[in-house]
Number of protein chains: 2
Amino acid sequence: MAGSEDVPTPPWRKSRKPAPPKRQLSQDLIVDAGLRIVDTEGLDALSMRRVAQEFDTGPASLYAHVANKEELLELIYERVLGEIELPERDPSRWKEQLRAYAMEVHRVLTAHADVARVALASVPSGENSILAGEFVFGLLIEAGMSPREASLSMDRIHLYVTGDAYEGSLHYARMRAAGLDDPREYFERFAGQLADYYRALPTERFPHIQKFVDDLIADDGEERFRYGLELLLDGIEARMP
Amino acid sequence: MAGSEDVPTPPWRKSRKPAPPKRQLSQDLIVDAGLRIVDTEGLDALSMRRVAQEFDTGPASLYAHVANKEELLELIYERVLGEIELPERDPSRWKEQLRAYAMEVHRVLTAHADVARVALASVPSGENSILAGEFVFGLLIEAGMSPREASLSMDRIHLYVTGDAYEGSLHYARMRAAGLDDPREYFERFAGQLADYYRALPTERFPHIQKFVDDLIADDGEERFRYGLELLLDGIEARMP
DNA sequence: ACCTGAACACCGTTCAAGT
DNA sequence: ACCTGAACACCGTTCAAGT
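Just so we're clear, the structure is a prediction, and the values are computed from it rather than from any experiment.

(A) Structural context of the packing of aromatic side chains. The final tally for this structure, using the stated rule, is eleven aromatic pairs over all chains. Summarising the aromatic geometry, the rings of tyrosine 197 of chain A and tyrosine 198 of chain A are spaced 6.1 Å apart at their centres and angled 45 degrees between planes, so their arrangement reads as tilted. For tyrosine 197 of chain A, a relative accessible area of 35% gives the class partly exposed. Since its relative accessible area comes to 8%, tyrosine 198 of chain A is described here as buried. Over the aromatic face of tyrosine 227 of chain B sits the side chain of arginine 239 of chain A, whose NZ or CZ is 5.6 Å from the ring centroid.

Okay, structure coming up:
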């Protein structure tokens, strides 16, 4: 008789395969898969089941490497934060550096769509978050701010950046839900609808909104983000000794 | 034979009751019930099923009055916004009025815990949102700002207030999940843990965070909100002609 | 017009059982 | 130690059927 191992078991035999080569799971691989799903399908599509599917197994298999969904989300956020690059600190150029930092974090969060939601929710505790915190905090202190005010300023910049990115991610999700691909097209359609709505308002009760509709929809997300960032930076500058 | 209507049908009869007096549903009642649930059990506890339960029926019954869950959330948000009170506009005191407005919205959102999440997500379209918008926009324009900058400033103040309230609501949810009731107790426990964690960091890599731990946890949510609000207001003031 | 039960296609997490 | 199937207790929404 020939060795039976080279021959596939015929379907009618219904024998169970002799223990499949068992995928090797790991926290890193799980985070990889999770981030891939968030990037392509959005945060709402991320479920333990969906991640497990990526490894051809059930959700229970993930719990050996990850405590729960919340931890997985924070691990994904930390992974994303690893993408930002911090320069050498130069207190004499604190405003410029703080601006660049804020825009870099905003860019990275926006690139990964709705990871911003996690950013807003999570308390900085991973290595990358703390490194970022040390950068901003140190910069403000070295530029002459009191630790107390530097702490407050850092906190507010962080809230602003993540809050704006989060808001953006919600629009992004809405775009996806509407079946659109081009952010510009979405913005125009969206702004157009809003403008029509505003124009239809009764003039007596909403005179300003009605009159300056074009100004209300003039700036896109990027410009609005920049404007608010400058407001904050100027406020901080006014508090620098 | 006595009239059988005064006698309860015996359990073994298993007759079905002759059409119960059918609860009268309405959009208002549904929003009421929804807000009540959010206030007492949190936004995460709000589900169509949970709301329906309040009327002793299944979730399908709600769909005659509300398009879907998203619409219900926006209706709840609008209801909450109705609680803010807007004063007579006085452009000569724009900064004071804008500050009071921001704090009032923040207060109302915070009072209803995590309705802030909806606020951040939703585009202003209900009557109360538009009224609030007209107030801020008109105030800034009458104080002398260009419509374009007034539009940007209004947008950034809105993002800041709702973003901060949302962040606060996440802490609130965490407090509830930890089984605590007193926000002050939660803050102290939370800040204490954070401080311990920061103190344990390696000094070489995180010198500033490590050194000024006390300053990092000195201010609570209210003070941080106030600080950021003043940063923005000062930035806006610097742009007033 | 309004309401409903049942069904569909999902969730996160646990647990006993396997290797 | 790691992995798994099955189960538990949930979701939002649809739809045919009732009144």
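Alright, that's what it looks like, and here's the rest.
(B) Fine view of the side chain of serine 153 of chain A. Secondary-structure assignment places serine 153 of chain A in helix α7 (residues 147-177). Looking at serine 153 of chain A, the relative accessible area reads 0%, which means it is buried. Reaching out from serine 153 of chain A, the side chain makes a polar contact with the side chain of tyrosine 227 of chain B at a distance of 3.4 Å. Once residues lying within four places of it in the same chain are set aside, the contact partners of serine 153 of chain A are Leu140, Met145 and Ile236 of chain A together with Tyr227 of chain B.

(C) Structural context of the protein's contact with DNA strand C. Near DNA strand C you find 16 residues, and of these Arg49 and Tyr63 of chain A together with Thr57, Ser61 and His65 of chain B are the closest. When atoms of DNA strand C within 4 Å of the protein are split into backbone and base, the sugar-phosphate part holds 55%. Residue arginine 49 of chain A places a side-chain N or O atom 2.3 Å away from a base nitrogen belonging to DNA strand C. In the environment of DNA strand C, a phosphate oxygen lies 3.1 Å from a nitrogen or oxygen atom belonging to the backbone of leucine 25 of chain B. Residues of the surface near DNA strand C, tallied by class, amount to seven nonpolar, five polar and four charged.

(D) Focus on the protein's contact with DNA strand D. The full set close to DNA strand D counts 17 residues, and Thr57, Ser61 and His65 of chain A together with Arg49 and Tyr63 of chain B are the nearest of them. Considering the 4 Å shell around the protein, atoms of DNA strand D inside it are sugar or phosphate in 55% of instances. Note that a phosphate oxygen of DNA strand D is positioned 2.6 Å from one of the side-chain N or O atoms of threonine 57 of chain A. Within the contact set of DNA strand D, a phosphate oxygen lies 3.0 Å away from a backbone nitrogen or oxygen of lysine 69 of chain B. In terms of residue class, the surface near DNA strand D is built from seven nonpolar, six polar and four charged.

(E) Inspection of the interface of chain B and chain A at higher detail. With 60 residues of chain B at the contact, the number on the chain A side is 60 residues. Taking both sides of the interface into account, the surface hidden between chain B and chain A amounts to around 5500 Å²; carbon and sulfur atoms contribute 63%. Along the contact surface separating chain B from chain A lie ten salt bridges. Here arginine 205 of chain B makes a salt bridge to glutamate 127 of chain A, at a shortest N to O gap of 2.7 Å. Taken together, the connections running from chain B to chain A amount to 24 residue pairs in polar contact (both at pLDDT 80 or more). Taken together, the residues that form the side of chain B that touches chain A break down as 32 nonpolar, nine polar and 19 charged.

(F) The arrangement of the packing of helix α4 (residues 94-111) of chain A against α7 of chain A in detail. Residue and element names in this part refer to chain A. The contact between α4 and α7 brings their axes to 9 Å, and the two run at 30 degrees. Our classification of the angle between α4 and α7 gives roughly parallel. Pair α4 / α7 crosses with right-handed handedness. Of the residues in α7, those touching α4 at Ala102, Val105, His106, Leu109 and Thr110 are Ile157, Val161, Thr162, Asp164 and Ala165. Its residues assigned to classes, the contact of α4 with α7 comprises six nonpolar, three polar and one charged.

About the thresholds
Residues numbered from 1 in each chain as written. Chains lettered and ligands numbered in written order. Predicted model: local features only at pLDDT ≥ 70, side-chain atom pairs only at ≥ 80, totals over all residues. Heavy atoms only, no water. Phe/Tyr/Trp six-rings, centres within 6.5 Å; stacked < 30°, edge-to-face > 60°. Buried < 20%, exposed > 50% of the residue type's maximum accessible area, 1.4 Å probe, protein only. Lys NZ or Arg CZ within 6 Å of the ring centre and 35° of its normal. Helix = DSSP H or I, 4+ residues; strand = E, 2+ residues; numbered from the N terminus. Polar contact = N/O pair within 3.5 Å; in protein donor to acceptor, adjacent residues only side chain to side chain. Contact = heavy atoms within 4.5 Å. Near = heavy atom within 4 Å. Nonpolar A, V, L, I, M, F, W, Y, C, P; charged D, E, K, R; others polar. Buried area = accessible area lost by both parts, 1.4 Å probe. Salt bridge = Lys/Arg side-chain N within 4 Å of Asp/Glu carboxyl O. Axes fitted to C-alpha atoms, helices over the stretch in contact; angles between N-to-C directions. Parallel < 35°, antiparallel > 145°, perpendicular 65-115°, else oblique. Left-handed = near helix turned anticlockwise from the far one by under 90°.

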